[in-house]
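Chain residues, written in single-letter form:
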Amino acid sequence: MSIGEGRSSRFRDRVTIQEANTIDNGRGGRKVPPGEDPWRDLATDVACEVLPLRGGEALSLGVQRATQLYRVTMRPRSLTPAHRLLWNGVPLNIRTAPPPQRGADLVMTCESGATG
């Protein structure tokens, strides 16, 4: 491998990592704080590689939506499907985020266009 061909040169995209912004609702559930966004930023300008895989359609609550699957690769982090990524203004729901093996990058499957 020559200079410039390492993983850092592959990570040309930038994403924001977000988590749900919820508080205890006092009845055993969770709710979004009044006047706040339902998602809050955990990390911004995170280097990664975003590759589109395939598109499709999903039916949710009687509404048909276009969906797109992506493979997102980044340096190891503790992410789960409870998090989401924001890429060029597009929310990407994390579908799979298996823990990477030692020394390996985190490779996730994400989906845009689907809710929930």
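The structure we're discussing is the one just above.
Keep in mind it's a predicted model, so treat the numbers as computed, not measured. Every residue gets a number counted from 1 within its own chain, in the order that chain's sequence is written. Per-residue local features are limited, in this predicted model, to residues with pLDDT of at least 70; the limit for side-chain atom pairs, both in listing and counting, is 80 or more; totals at the level of whole chains, interfaces and linings are taken over all residues. Think of the side-chain values as coming from all heavy atoms in the structure, minus any hydrogens and water.

**Some words on unusual backbone geometry**
Link 1 in the chain: In the Ramachandran plot, Asp 45 falls in the positive-phi region, its phi being about 55° despite a non-glycine side chain.
Link 2 in the chain: The helix and strand labels rest on DSSP assignments: H or I over at least four residues marks a helix, E over at least two residues marks a strand, and numbering proceeds from the N terminus. Mapped onto the elements of the fold, Asp 45 is located in strand E4 (residues 39-60).
Link 3 in the chain: Partly exposed residues are those whose accessible area sits between 20% and 50% of the maximum for their type, while under 20% is buried and over 50% is exposed, using a 1.4 Å probe and protein chains only. The exposure class assigned to Asp 45 is exposed, which follows from its relative accessible area of 55%.

**Looking at the pairing of strand E7 (residues 90-96)**
Link 1 in the chain: Paired strands, as defined in this entry, are two strands with at least two bridges between them according to DSSP. Where strand E6 (residues 83-87) lies against E7, four bridges are found, and the strand directions are antiparallel. Looking at the pairing, Leu 86 lines up with Pro 91 of E7.
Link 2 in the chain: With antiparallel pairing between neighbouring strands as the criterion, E6 and E7 make up a hairpin whose turn holds two residues, including Asn 88 at a positive phi of roughly 50°.
Link 3 in the chain: Bridge count between E7 and strand E8 (residues 106-112): three bridges; the pairing is antiparallel. Among the inter-strand pairings, Ile 94 is bridged to a residue of E8, identified as Cys 110.

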